[in-house]
Amino acid sequence: MTTTFITGANKSLGMETARRLVEAGHTVVVGARDPERGRAAAASLGARFVRIDVTDDASVEAAAADVAAHEGAIDVLVNNAGVLGRVGPVEEYTAADMSAVLDVNVVGVVRVTHAFLPLLRKSSHPVIVNVSSGMGSFGMTQDPARIESQYALPLYAASKAAVTMLTTQYARELKDMKVNAADPGQTATDFTGGIGHSVAEGAESIVALATIGPDGPTGQFVDRSGILPW
């Protein structure tokens, strides 16, 4: 059984991933920015809550210190926290809009991974799962047969393209770990206005990657059906 830290785990895909892992007997630490929601989610799941704001260095460092003091190490890091960002006419997007999305979705991944690497390296089988999206795939957004090609979300899509590239590069550098990206697909969450498959279905790829064995893949981008095009 593993010890897993999940960012953005107070609702939706993060909370469902936590629930599935707890039910399977794993130790889960629920990371969330909002203390009230985070504590409530952790209590309902039988997990422990740690406050973390992935956009704040001090908050991330404090969260890593908290986990070091209580769990001592982690086996799995799930970088799930993310924002959709501004949606609307492209001429209305500003540099500030882009920066806000990148700070959570991309820089946040780097910030959290950096802080938790020492804890991961105490594991005999460390795993990192970055929650990405098919909206960040060049192949899928250009394929008329895919739902991703029907939407225009420049800020979000660009950020998730960066997440998948980060994943491949981290996988190349962190040879002692398994580093993969999960695509939940179009899931009925706040992001999609409730359109898409269930959160349980969306979490399947995240849970699968979080529970891979020592011979599992690294540097891959997958959904619940298999490997996806970058």
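Everything quoted here is computed from the prediction, not taken from an experiment.

**Re the nonpolar core**
In this structure, Ile6, Val28, Val30, Val78, Val129 and Ile206 are the most contacted members of the largest nonpolar core, which totals 25 residues. If you list the elements that add at least two residues to this core, you get α1 (12-23), β2 (27-32), α2 (35-45), β4 (76-79), β5 (127-131) and α8 (204-210). Apart from the residues within four sequence positions on either side, Val30 is in contact with Ile6, Ala9, Asn10, Ala18, Gly38, Ala42, Leu45, Ala47, Arg48, Phe49 and Val50. Phe5, Val50, Leu119 and Leu120 belong to the second largest nonpolar core, which has 24 residues in total.

**Looking at the packing of aromatic side chains**
Here the structure, examined in full by the defined rule, presents two aromatic pairs. Arranged with centres 4.6 Å apart and planes meeting at 25 degrees, the rings of Phe5 and Phe116 form a pair that is stacked. With Phe5 in strand β1 (residues 3-6) and Phe116 in helix α4 (residues 95-120), the pair connects residues that are 111 residues apart, well separated along the chain. Residues Phe221 and Trp230 carry aromatic rings whose centres are separated by 5.4 Å and whose planes lie at 25 degrees to one another, so their mutual orientation is stacked. With a relative accessible area of 1%, Phe221 lands in the buried category. The exposure class of Trp230 is partly exposed, given its relative accessible area of 35%.

**Brief notes about the pattern of salt bridges**
Under the counting rule described, the total for this entry stands at 11 salt bridges. A salt bridge links Asp57 to Arg111; its shortest N-O distance comes to 2.6 Å. Of this pair, Asp57 sits in helix α3 (residues 57-70) while Arg111 sits in helix α4; the two residues are 54 residues apart in sequence, bridging distant segments of the chain. When its relative accessible area of 16% is taken as the criterion, Arg111 is described as buried. With its nearest N and O atoms 3.1 Å apart, the salt bridge here joins Glu92 to Arg86. With relative accessibility at 37%, the residue Arg86 sits in the partly exposed group. When salt bridges with common partners are traced through the structure, they connect Glu16, Arg19, Arg20 and Glu23 into a single cluster.

**Regarding the pairing of β5**
Where a strand is regular, its side chains alternate between the two sheet faces. Extensive coverage of β5 is indicated by the burial of five of its five residues. Here β5 shows a buried face lined by Val127, Val129 and Val131 and a second buried face lined by Ile128 and Asn130. Where β4 and β5 come together, four bridges link them in parallel fashion. Bridge pairing in β5 links Val78 to Val129. The parallel pair β4 and β5 is bridged by α4, and the resulting crossover is right-handed. When β5 meets strand β6 (residues 178-182), the two strands line up parallel, connected through five bridges. When the sheet's bridge partners are listed, Ile128 is paired in β6 with Val179.

**Thoughts on the side chain of Lys160**
Mapped onto the secondary structure, Lys160 falls in helix α6 (residues 154-173). It is Asp183 that comes nearest to the buried, bridge-free Lys160 among opposite-charge side chains, at 8.8 Å. Excluding anything up to four places from it in sequence, Lys160 contacts Asn105, Val131, Ser132, Ser133 and Gly136.

**Looking at the sheet that holds strand β8 (residues 226-227)**
Taking strand neighbours across the sheet as the criterion, the eight strands line up as β3-β2-β1-β4-β5-β6-β7-β8 in an open arrangement whose pairing is mixed. Strands at the two margins of the open sheet, each flanked by one partner only, are β3 (48-51) and β8. Of the strand pairs in this sheet, β2 and β3 are connected by four bridges, and their pairing is parallel. Residue Val30 lies in a different strand from β3, and its bridge partner there is Phe49. In the packing of α2 onto the sheet, contacts are made with β2 and β3, and the angle to β3 comes to roughly 160 degrees. Contacting β5, β6 and β7 (221-223), α6 crosses the sheet at an angle of about 160 degrees to β6.

**Quick word on the packing of α1 against α2**
Where α1 contacts α2, the two axes come as close as 10 Å, and the packing angle between them is 25 degrees. Our classification of the angle between α1 and α2 gives roughly parallel. Where α1 crosses over α2, the handedness of that crossing is right-handed. Together, Met15, Ala18, Arg19 and Val22 of α1 and Ala41, Ser44 and Leu45 of α2 make up the contact between the two elements. Classifying every residue of the contact of α1 with α2 by side-chain character gives five nonpolar, one polar and one charged.

The rules behind these values
Residues numbered from 1 in each chain as written. Predicted model: local features only at pLDDT ≥ 70, side-chain atom pairs only at ≥ 80, totals over all residues. Heavy atoms only, no water. Core = buried A, V, L, I, M, F, W, Y, C linked by side-chain atoms within 4.5 Å. Buried < 20%, exposed > 50% of the residue type's maximum accessible area, 1.4 Å probe, protein only. Helix = DSSP H or I, 4+ residues; strand = E, 2+ residues; numbered from the N terminus. Contact = heavy atoms within 4.5 Å. Phe/Tyr/Trp six-rings, centres within 6.5 Å; stacked < 30°, edge-to-face > 60°. Salt bridge = Lys/Arg side-chain N within 4 Å of Asp/Glu carboxyl O. Pairing = 2+ DSSP bridges. Right-handed = clockwise from strand over helix to strand, strands pointing away. Lys, Arg positive; Asp, Glu negative; His and termini not counted. Axes fitted to C-alpha atoms, helices over the stretch in contact; angles between N-to-C directions. Parallel < 35°, antiparallel > 145°, perpendicular 65-115°, else oblique. Left-handed = near helix turned anticlockwise from the far one by under 90°. Nonpolar A, V, L, I, M, F, W, Y, C, P; charged D, E, K, R; others polar.

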